[in-house]
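Each chain, written out:
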Amino acid sequence: LPTSAGRWAPSQTLWMAAASAAGAGSRPGDVALAHPPKDGVTAVAFAPKDGSDGLLVSSWDSTLSLHTGSTGARLVSHAHAAPVLDCCWQTHTAALTASLDRGVRVVDFGSATSTATVLGYHGAGVRCVRWSQSHSCAVSAGWDGTVRVWDPRASKQVAELGLPSKAFGMDVCVGGVSSGAADAVVVACEGRRLVTLDLRDTSSAAEDREAALKHQLRCVAAMPGKPAGAAAWGNSGAPGVAIGSIEGRVSLEHLSPAVTGAASATPGFAFKCHRRDAGGDAGPVAHPVNAIAFNRRHGTFATGGGDGTVVLWDGGAKKRLGKPSAAFPTSVSALAFSHDSSLLAVAVSYAFEAGDIEHPPDAVVVRRLDDADIRPRAKKASA
C-alpha cells in the first residue's frame, strides 16, 4: 500500500509470506523483503553511502528492483528483456546491470519512473558488472571470454580485453595497482584462471595466473584496504581478493608485486568451509561457496554456501567469527553488507547445485548486525 510519502509499504500478509519463504535460517529481528524476485536471485547490493539502506536485487526473473533494506519495502522494479545476472551501484541513484541478452545498462532511479540506457553489448551473456569510482568507468565481463570497459557519459565502449575463458566472477580492487595509483580489476575465469587488469592501461592483462584453489571458481570479492590508524583489521590490508570454489573452499590471494608495485609478495592462504556431515561413512559433503562479501568497518567478511548457511570470518586471524548461521531452507546465492556495515543482505535462492528440482521460493533477508558480530578477534598477548 502507498504511504503518505509516496513509497510502497508491504502489507502484513505479504511480509509474513516472504518471512516464511526465508525459513528456519531467519532469526528474531530479520527483515524479509515483501516482494522478492520470482526466480533465482543473482546479486544484492546496498547503496554506497552511510545512512542509506537502499538495496538492489537482480534476478533470473529479468528484473532489477530497489528496496528499503530496513523495512523490506519495494520502491521500484525495472523489467529487462532477459535475466539480469549481476548488478551494482554507479551513483546513489543509478545502477549498472549485466544481462543474459548480452547488454550492459545504466538504470536511473532518480526520476519518478526508472529508465535504462544501453551502454553496449558483449558477444554472449554478461556475467559481471562493476563500477570504478576512481576511473569513472563501468567494467563488465562475460561468457564471451572478454572484459570490457565503458564510458557511461558517452554510452560507449572504450576498451576490450580477451580473457582465457568464460568469466564467472569479478571485482574491483580499489587502489590495487602501483601502490594505490590505480584500480585493479580481478576476473575469475573458467579453468581456474585469475586475470588482473590495470584500469590505466587496458591494452593487455597486468597478470594472468592459475588460482590456488583446485576446483572451479564460483565467486570473487576484493579485500577492502586498511584505513590509517585502524588498530585491528579483518584481512592483511594488502590488495587482494577472496575467491570461493564449488568444492567448499575459500582462498585469500593477494595481487603480485608486479601489479601492486610492492617490495615483496604478501602470502595468502586457503581454508575449508560450507561442509555438512552426510552421516554414515560418507563423510562431510562439500557445498559450493556461492557468495563472499567484505564489510568496510572492520575488513572481516561473510561467506554464503550451497548448504544454506552464512559464516563470518576474520581473515587476519585466520579464524571463524562465531558459529555458522542456522541453515536456511535452500542455498545462499548472494550477500552484501550495507555501507556502514550494520546490515547484511542474504539472498536465499536455490542455485541449482542438484539440477532442476523442486525447491523453496526465493527470498532476501536483511539481518541487523552488532559491532561484536564482525569485529576482528583480539590477538592474544604473548607470554
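Thresholds applied
Residues numbered from 1 in each chain as written. Predicted model: local features only at pLDDT ≥ 70, side-chain atom pairs only at ≥ 80, totals over all residues. Heavy atoms only, no water. Buried < 20%, exposed > 50% of the residue type's maximum accessible area, 1.4 Å probe, protein only. Helix = DSSP H or I, 4+ residues; strand = E, 2+ residues; numbered from the N terminus. Pairing = 2+ DSSP bridges. Phe/Tyr/Trp six-rings, centres within 6.5 Å; stacked < 30°, edge-to-face > 60°. Lys NZ or Arg CZ within 6 Å of the ring centre and 35° of its normal. pLDDT = per-residue confidence, 0-100. Contact = heavy atoms within 4.5 Å. Salt bridge = Lys/Arg side-chain N within 4 Å of Asp/Glu carboxyl O.

In this section: the pairing of strand 7 (residues 94-99). Of all six residues in strand 7, six are buried; the element is thus mostly enclosed. With burial as the criterion, each face of strand 7 is covered, one bearing A94, L96 and A98 and the other bearing A95, T97 and S99. Here strand 7 folds back onto strand 8 (residues 103-108), and the loop between the two strands holds three residues, one of which, R102, carries a positive phi near 85 degrees.

Another aspect to go through is the packing of aromatic side chains. Applying the stated criterion across every chain yields a total of five aromatic pairs. An angle of 40 degrees between the planes, with centres 4.9 Å apart, marks the rings of Y350 and F352 as tilted. Its relative accessible area of 41% is what places F352 among the partly exposed residues. By the ring-pair criterion, three or more aromatic residues cluster together here, those being F269, F271, F294, F301 and W313. A cation over a ring is seen here: K318 above F269, with NZ or CZ 4.9 Å from the ring centre.

Here the protein chain averages 89 in pLDDT, and 91% of its residues register 70 or above. Below pLDDT 50 for its whole length, residues 1-18 participates in 27 contacts with residues either more than four positions away or in separate chains.

Let us look at the pattern of salt bridges. Any two side chains of opposite charge can pair if their charged atoms end up close together. One pass over the structure, following the stated rule, counts 16 salt bridges. Put simply, R275 and E247 hold a salt bridge, and the shortest N to O gap is 3.0 Å. Note that R275 is positioned in strand 22 (residues 275-277) and E247 in the loop between strand 19 (240-245) and strand 20 (249-254), a separation of 28 residues in sequence. The buried category is assigned to E247, whose relative accessible area is 19%. One continuous salt-bridge network, built from bridges that share partners, spans D86, R130 and D171.

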